Amino acid sequence: MHQSLGLVSLVVRDYDEALAFFVGTLGFRLVEDTLVPEQSKRWVVVSPPGATESQLLLARASTPEQESHIGVQTGGRVFLFLYTDDFWRDYESYRAKGVVFVREPKEHPYGTVAVFLDLYGNMWDLLQPTQSHLRLRNAGA
């Protein structure tokens, strides 16, 4: 049996501002942007560069309750973990583009990590895992 998470939904305020950040600033690839007229929304999917399975659905909030969760989908914990093959390349690129890091880079047994905020305030780990951590992670696949 093989299963995977195909999409993770991120509640956003506006499709275009979210695309400007995820595609324009972080360098994600636009996978799909389709109008769903009967629901007055768009189906907007982005993916980190080089990713084959992980995709992010940018879902515009449509109710006041959903709006209240923009930026706090996980109650202040790190929400998503963006793995990279070159931590310092991406860290310096993001900083140069104005991405705010709330925890500076640190070396851990599992890899090099720093925490940044997306445009809504959700916390993300930028993480370059060690080879041993990758082997452990892939052993369960």
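Predicted, not measured: the structure shown is a model, and the values here were computed from it.

Observations concerning the overall build of the protein
Turning to step 1, where the next piece is worked out: Tallying secondary structure elements over the protein gives four helices and eight strands in all.
Turning to step 2, where the next piece is worked out: Going from the N terminus to the C terminus, the protein shows its helices and strands as β-α-β-β-β-α-β-α-β-β-β-α.
Turning to step 3, where the next piece is worked out: In terms of C-alpha radius of gyration, the protein reaches 16 Å, essentially the compact-globule figure of 14 Å for 141 residues.
Turning to step 4, where the next piece is worked out: Each of the three principal axes of the protein carries a C-alpha extent, and together these read 50 × 40 × 25 Å.
Turning to step 5, where the next piece is worked out: For the protein, the residues scored as buried account for 35% of the 141 residues in total.
Turning to step 6, where the next piece is worked out: The long-range fraction of contacts in the protein, counting pairs at least 24 apart against all pairs at least 6 apart in sequence, stands at 52%.
Turning to step 7, where the next piece is worked out: For the protein, the separation between the mean place of its 13 positive charges and that of its 17 negative charges on side chains is 4 Å.

Things to note about the sheet that holds strand β1 (residues 8–12)
What links the strands of a sheet is backbone hydrogen bonding, and the strands pair in either a parallel or an antiparallel sense.
Turning to step 1, where the next piece is worked out: Spatial strand order, β1-β4-β3-β2: four strands in an open sheet with mixed pairing. This sheet does not close on itself; its edge strands, each paired only once, are β1 and β2 (29–36). On average, adjacent strands in this sheet sit at an angle of 25° to one another, irrespective of strand direction.
Turning to step 2, where the next piece is worked out: Sheet strands in contact with helix α1 (residues 15–25) are β1, β2, β3 (41–47) and β4 (56–60), and its direction is about 5° off that of β3.

Digging into the environment of Thr74
Turning to step 1, where the next piece is worked out: Its location among the elements puts Thr74 in the loop between α2 (64–68) and β5 (78–83).
Turning to step 2, where the next piece is worked out: Spatially, the C-alpha atoms of Thr74 and Leu35 are 28 Å apart, while their sequence positions differ by 39 residues.
Turning to step 3, where the next piece is worked out: From its side chain, Thr74 meets the backbone oxygen of Arg77 in a polar contact 2.8 Å long.

Structural notes on the domain arrangement of the protein
Turning to step 1, where the next piece is worked out: According to the domain assignment, the protein consists of domain 1 (1–70) and domain 2 (76–140).
Turning to step 2, where the next piece is worked out: Counting the surface lost from both domain 1 and domain 2, the interface buries some 1200 Å², and carbon and sulfur atoms represent 76% of this.
Turning to step 3, where the next piece is worked out: Interface area lost by domain 1 to domain 2 is led by Phe21, Thr25 and Leu26, which between them contribute 39%.
Turning to step 4, where the next piece is worked out: Scanning the region where domain 1 abuts domain 2 turns up zero salt bridges.
Turning to step 5, where the next piece is worked out: Across the domain 1-domain 2 interface, the total number found is five residue pairs in polar contact (both at pLDDT 80 or more).
Turning to step 6, where the next piece is worked out: Secondary-structure elements contributing two or more residues to the side of domain 1 that touches domain 2 are β1 and α1.
Turning to step 7, where the next piece is worked out: Examining the composition of the side of domain 1 that touches domain 2, we find that six residues originate from one element, α1, more than from any other.

Conventions used here
Residues numbered from 1 in each chain as written. Predicted model: local features only at pLDDT ≥ 70, side-chain atom pairs only at ≥ 80, totals over all residues. Heavy atoms only, no water. Helix = DSSP H or I, 4+ residues; strand = E, 2+ residues; numbered from the N terminus. Rg over C-alpha atoms; globule rule 2.2 N^0.38 Å. Buried < 20%, exposed > 50% of the residue type's maximum accessible area, 1.4 Å probe, protein only. Contact = heavy atoms within 4.5 Å. Lys, Arg positive; Asp, Glu negative; His and termini not counted. Charge placed at Lys NZ, Arg CZ, Asp CG, Glu CD. Pairing = 2+ DSSP bridges. Axes fitted to C-alpha atoms, helices over the stretch in contact; angles between N-to-C directions. Polar contact = N/O pair within 3.5 Å; in protein donor to acceptor, adjacent residues only side chain to side chain. Domains from an automatic or database assignment. Buried area = accessible area lost by both parts, 1.4 Å probe. Salt bridge = Lys/Arg side-chain N within 4 Å of Asp/Glu carboxyl O.

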